[in-house]
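Single-letter residue listing:
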Amino acid sequence: MIATRQPSGKGCSLERGQFRFKVEFEDIHLNIESRLTEIIGDPGKRLHTGRSRNDQVAVDFRLWVRDQCDQAIQGITGLMETFLAQAEAGADWVMPGFTHLQTAQPVTWGHHMLAYVEMLARDRGRFQDARRRMNECPLGAAALAGTSFPIDREMTARALGFDRPTANSLDSVSDRDFALEFLSAASITAMHLSRFAEELVIWSSAQFRFVRLSDKWTTGSSIMPQKKNPDAAELLRAKLGRILGATVALFTVMKGLPLTYSKDMQEDKEQVFDAADSLMLGLAAMTGMVADMTANRDTLKAAAASGFSTATDLADWLVRALGLPFREAHHVTGTLVAIAEAEGVDLPELSLARMQSVLPGITDAVFAVLGVENSVRSRTSYGGTAPDRVREQAARWRAALG
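**Student:** For this particular structure, what's the right way to read the pattern of salt bridges?
**Tutor:** Once the charged atoms of two side chains with opposite charge are near each other, the side chains can pair. One pass over the structure, following the stated rule, counts 25 salt bridges. Its salt-bridge partner being R391, residue D388 comes within 3.7 Å of it at the nearest N-O pair. Within this pair, D388 and its partner R391 are both found in helix α14 (residues 387-401), separated by three residues, close to a single helical turn. Residue class for R391 comes out partly exposed when judged on its relative accessible area of 41%. Of the charged contacts in the structure, one is a salt bridge between E392 and R389, with a shortest N-O distance of 2.6 Å. On the criterion of helical spacing, the pair formed by E392 and R389 is a turn pair, its members being three residues apart in helix α14. Residues participating in the shared-partner salt-bridge network are K22, R35 and E38.

Here it is as structure tokens:
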């Protein structure tokens, strides 16, 4: 950041790298005071009146973290809109839902995409809440006890865009909760990004083929020409480690510090800066990948029908239509699944006579609930996967996001 000194009276810019730091001054505060004095004369020496490096650093750090919250909120909103667009396009596309990474029940693509919209909405809310809490100005707390000078802390707080000044001078200079809250919110957000990155890695594999990613987000192998590796998703998945590590590091710094300031707190910024960079990069990369990915609808539907995914629909039908207790319906369904598995067919392919050999009361009406399309259409409870419910939720989010 060393550059030719600007002519006196014209100022200089840290952002443009045009500030000359002098080694005889021990920190940035004294360098700025010296430069101000060069420009305006002796009044510059009054800059530090009623101030301390402690409250100045506290206010600068809050301003920076507040700005990062705003950027995170903006980035999350953009990613929510991208997931929402996928949900709107695929509100009725059938895919397998998983538990334990085993086929569980059919769901819709749109429903799966909206799950991440909900997660990200909570992430955004955490940053919004953290921003509100941190929007108090420490300036005027001085070293730790306040100042005897007749300063107007309300005015300086307003001038810097804060809601109010902080209420306790000891807390003002020693508080780093705002940074910890930012890191905590960033860690949870990164965890959500990592979960979908993991799904992209799995879904784009030759074994699944659920989605395709373009060459923008994949790379080839140096030796195996058939490979198309989801490198961007893998790198994003790894970013959680850096962000979570930064969170643990700052908690560890702060956990043993008595009031008020200790030099340990000089280690509070590097971790936060790195975590913020990683988070913003992750949000941008994930937004690009979600917009870029193409779902393989036929593959998704075929996978949704595998693994006896409509077994629960059969059990539910036995309860509704025949009045069986669910535990008995569960047992009958398990028996029918075992028969289908032994015969190498899926449940809808079992004959009515074969089903009636297990439970004579079963009628051909049962086949209306066994197809995957029928299965998802039946899940009409609020928050369910039925296409109509998905479209309702998508419309709600479209209105909320503007």
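Picking up after the structure, the text goes on.
**Student:** Mind showing me how you'd approach the nonpolar core here?
**Tutor:** Across soluble globular proteins, you tend to see nonpolar side chains buried next to one another. Formed by 72 residues in total, the largest nonpolar core has its most connected members in F83, W109, F127, F196, W203 and M286. With 15 residues, helix α6 (residues 177-203) is the largest single contributor of residues to this core. Apart from residues lying up to four places away in sequence, F83 is in contact with M113, Y116, V117, L120, F196 and V290. Counting residues in hydrophobic clusters, the runner-up holds 21 residues, among them F308, A329, V332 and L370.

**Student:** Quick question: what am I supposed to make of the packing of aromatic side chains here?
**Tutor:** The geometry of an aromatic ring pair comes down to the distance between the two centres and the angle between the two planes. For the structure shown, the criterion picks out 15 aromatic pairs. A ring pair is formed by W93 and W109, whose centres lie 6.5 Å apart and whose planes are at 35°; its orientation type is tilted. Remark: W109 occurs in helix α3 (residues 109-134) and W93 occurs in the loop between α2 (53-89) and β1 (94-99); sequence separation between them is 16 residues. The same class applies to W93 as to W109, namely buried. Seen in terms of ring centroids, W203 and F210 are 6.3 Å apart; in terms of plane orientation they differ by 50°. Their pairing is tilted.

**Student:** Explanation requested: the confidence of the model for the protein in the structure shown.
**Tutor:** The predicted model of the protein averages 91 in pLDDT, with 95% of residues at 70 or higher. Taken as a whole, residues 1-9 scores under 50 in pLDDT and shows 27 contacts with residues more than four places along the chain or in a different chain.

**Student:** Even after reading the chapter, I still don't get α14, so can you show me in this structure?
**Tutor:** Residues spaced three or four apart along an α-helix point in a common direction, a consequence of the helix completing one turn every 3.6 residues. With 15 residues, α14 extends 21 Å between its outermost C-alpha atoms, agreeing within 8% with the 21 Å of an ideal straight helix rising 1.5 Å per residue. Listing the buried residues of α14 in full gives P387, R389, V390, Q393, A394, W397 and L401. Buried residues of α14, seen end-on, are gathered within an arc of 155° and therefore sit on one face of the element. In this structure, α14 carries D388 and A399 as exposed residues pointing more than 90 degrees from its buried face. On its buried face, α14 sits against α2, β2 (102-108), α3 and α13 (372-378). Backbone geometry just downstream of α14 places G402 in the positive-phi region, at approximately 75°.

**Student:** I'm lost on the side chain of T260 in this one. Help?
**Tutor:** Positionally, T260 belongs in the loop between α7 (231-254) and α8 (269-292). Owing to a relative accessible area of 11%, T260 belongs among the buried residues under this scheme. In contact with T260, not counting residues within four places along its chain, are L144, L170, V173, S174 and M265.

**Student:** Please clarify how the packing of α6 against α8 should be interpreted in this entry.
**Tutor:** Geometry of a packed helix pair, given as the angle between the helix axes and the separation of the axes. Taken N-terminus to C-terminus, the directions of α6 and α8 make an angle of 35°; their axes are 10 Å apart at the nearest point. Judged by the twist between their axes, the crossing of α6 over α8 is left-handed. Of the residues in α8, those in contact with A179, F182, L183, A186, T189, L193, F196, A197 and L200 of α6 are Q271, V272, A275, A276, L279, G282, L283, M286, M289 and V290.

Thresholds applied
- Residues numbered from 1 in each chain as written.
- Predicted model: local features only at pLDDT ≥ 70, side-chain atom pairs only at ≥ 80, totals over all residues.
- Heavy atoms only, no water.
- Salt bridge = Lys/Arg side-chain N within 4 Å of Asp/Glu carboxyl O.
- Helix = DSSP H or I, 4+ residues; strand = E, 2+ residues; numbered from the N terminus.
- Buried < 20%, exposed > 50% of the residue type's maximum accessible area, 1.4 Å probe, protein only.
- Core = buried A, V, L, I, M, F, W, Y, C linked by side-chain atoms within 4.5 Å.
- Contact = heavy atoms within 4.5 Å.
- Phe/Tyr/Trp six-rings, centres within 6.5 Å; stacked < 30°, edge-to-face > 60°.
- pLDDT = per-residue confidence, 0-100.
- Expected span 1.5 Å × (residues − 1).
- Arc of directions from axis to C-beta.
- Axes fitted to C-alpha atoms, helices over the stretch in contact; angles between N-to-C directions.
- Left-handed = near helix turned anticlockwise from the far one by under 90°.

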